[in-house]
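Report on the structure
Chain by chain, the residues run as shown.
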Amino acid sequence: MKWIKFSLPDGHSPTMEQLIFFHDHTMSIIISITIMISILINSLIKNNLINLNLTEHQMIETYWTIIPTIILFMIAIPSLKILYSMEELINPSVSIKSIGHQWYWSYEYSDKNIKEYDSYMKYDKENNFRLLEVDNRMKSPYLTQTRMIFTSTDVLHSWTVPAMGIKMDAVPGRLNQSSLMIKKPGIFMGQCSEICGTNHSFMPIMVESIKLKKFIEWLN
Ligand SMILES: [Cu+2]
C-alpha cells in the first residue's frame, strides 16, 4: 500500500505548495492539542487533578483564554494570507476560459482568437487513466502567469485540479476568475466537483502543461 495516497497530491503550483505547508502546520497544532487533552482526560479519570477547595481561579481563566486566542491567530493569519494570494493576479500573459456543460468541459483562448473546443471523456478501455482521460486536453504553458476564467452554460459545475490547488465554481451567467502558475511540464488531472447531474462523474479535466514556445506554436 502506498501511504502517499492518504495525503495531498504533490503541489505543482505555488498555491498548492503553500496549501500543503499550511495543512502540515495546522495538523501539527491539532495533533499537539489532541495529545495534551488526552493526557489531561487521562489524569482526570485517575482523579489526579481534583481539588475540592478550588471554586475559581482568575489566573487559570486568563491563561485558557489567551493561549487558545494565540493558537487561533497562528492558524488564521497564514490561512488568510493564502486566501488572498490565491485571488491575486499578477500580469497574466495568457487567459484561458473554461466552460462547464452537462457533461463536458470546453476551453476557449479568448485573447488568442482560438474558438471554443470541447473536451469530452474518452471511453476506450485501453487508456491508462480510467475516467480521467479526455479527447482534447486543455493546453497551458508552464512557468507562465495564466488567468483562468470559469463559467457554465447550464448548471453549477466546479473546475478542480488538486495538484494545482484550484477548485473554482463554474456558475451560469457569471464569470469566476483564478490565477494559475504551473511549475512543471506534465499532465494534471481533475474532476468536476459540484454535483451537476447524471454524468457528473464523467466530465474529467486534463491539463497538459507544455513549454511556452510549444504553446505559442500550438496556438498558431
Ligand atoms: Cu459538472
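Residues numbered from 1 in each chain as written. Predicted model: local features only at pLDDT ≥ 70, side-chain atom pairs only at ≥ 80, totals over all residues.

Put simply, the rule reads: UniProt positions are given in the numbering used here, feature names are shortened, and annotations may be inferred rather than shown by experiment.
Looking at an unreviewed UniProt entry, one finds the chain named Cytochrome c oxidase subunit 2, with Bambusiphaga taibaishana as its source organism. For the chain, the Sequence similarities (unreviewed entry) comment in UniProt is given as "Belongs to the cytochrome c oxidase subunit 2 family." In its Catalytic activity (unreviewed entry) section, the UniProt entry covering the chain states "4 Fe(II)-[cytochrome c] + O2 + 8 H(+)(in) = 4 Fe(III)-[cytochrome c] + 2 H2O + 4 H(+)(out)".

1. A short note on the overall build of the chain
Inclusion rule: Secondary structure counts use DSSP, requiring at least four H or I residues in a row for a helix and at least two E residues in a row for a strand, with both numbered from the N terminus. Throughout, the radius of gyration refers to the C-alpha atoms, and the reference size of a globule is 2.2 Å times the residue count to the power 0.38. Counting other C-beta atoms within 10 Å of its own, a residue is labelled buried from 20 upward, exposed at 12 or fewer, and partly exposed in the gap between, with every C-beta atom placed from the backbone. Any two residues are considered in contact once their C-beta atoms, placed from the backbone, lie within 7 Å.
Regarding its fold elements, the chain presents three helices and ten strands. Ordered by position from the N terminus, the helices and strands of the chain form the series α-α-β-β-β-β-β-β-β-β-β-β-α. At 24 Å, the chain has a C-alpha radius of gyration far larger than the 17 Å of a compact globule built from 220 residues. By its C-alpha atoms, the chain is 80 × 40 × 35 Å across when sized along the principal axes. Every one of the 220 residues in the chain was classed for burial, and the buried ones make up 21%. A separation threshold of at least 6 residues defines the contact pool for the chain, and within that pool the share at least 24 residues apart is 64%.

2. Side note on the UniProt feature "transmembrane region" (unreviewed entry) in the chain
As annotated by UniProt and renumbered to match this structure, "transmembrane region" (unreviewed entry) occupies residues 20-41 and 62-84. Counting secondary structure, residues 20-41 comes out at 100% helix and 0% strand; the distance between its end C-alpha atoms is 31 Å. Strand forms 0% of residues 62-84 and helix 100%; the C-alpha atoms that close the span are 33 Å apart.

3. With respect to the domain arrangement of the chain
Where we set the bar: Where each domain starts and ends comes from a domain assignment, either automatic or drawn from a database. Ten residue types, Ala, Val, Leu, Ile, Met, Phe, Trp, Tyr, Cys and Pro, are classed as nonpolar, four, Asp, Glu, Lys and Arg, as charged, and the remainder, Gly among them, as polar.
For the chain, the assigned domains are domain 1 (10-87) and domain 2 (94-219). The straight-line distance from the C-alpha centre of domain 1 to that of domain 2 is 37 Å. Across the contact, eight residues belong to domain 1 and nine residues belong to domain 2. Here the residues of the side of domain 1 that touches domain 2 sort into three nonpolar, four polar and one charged.

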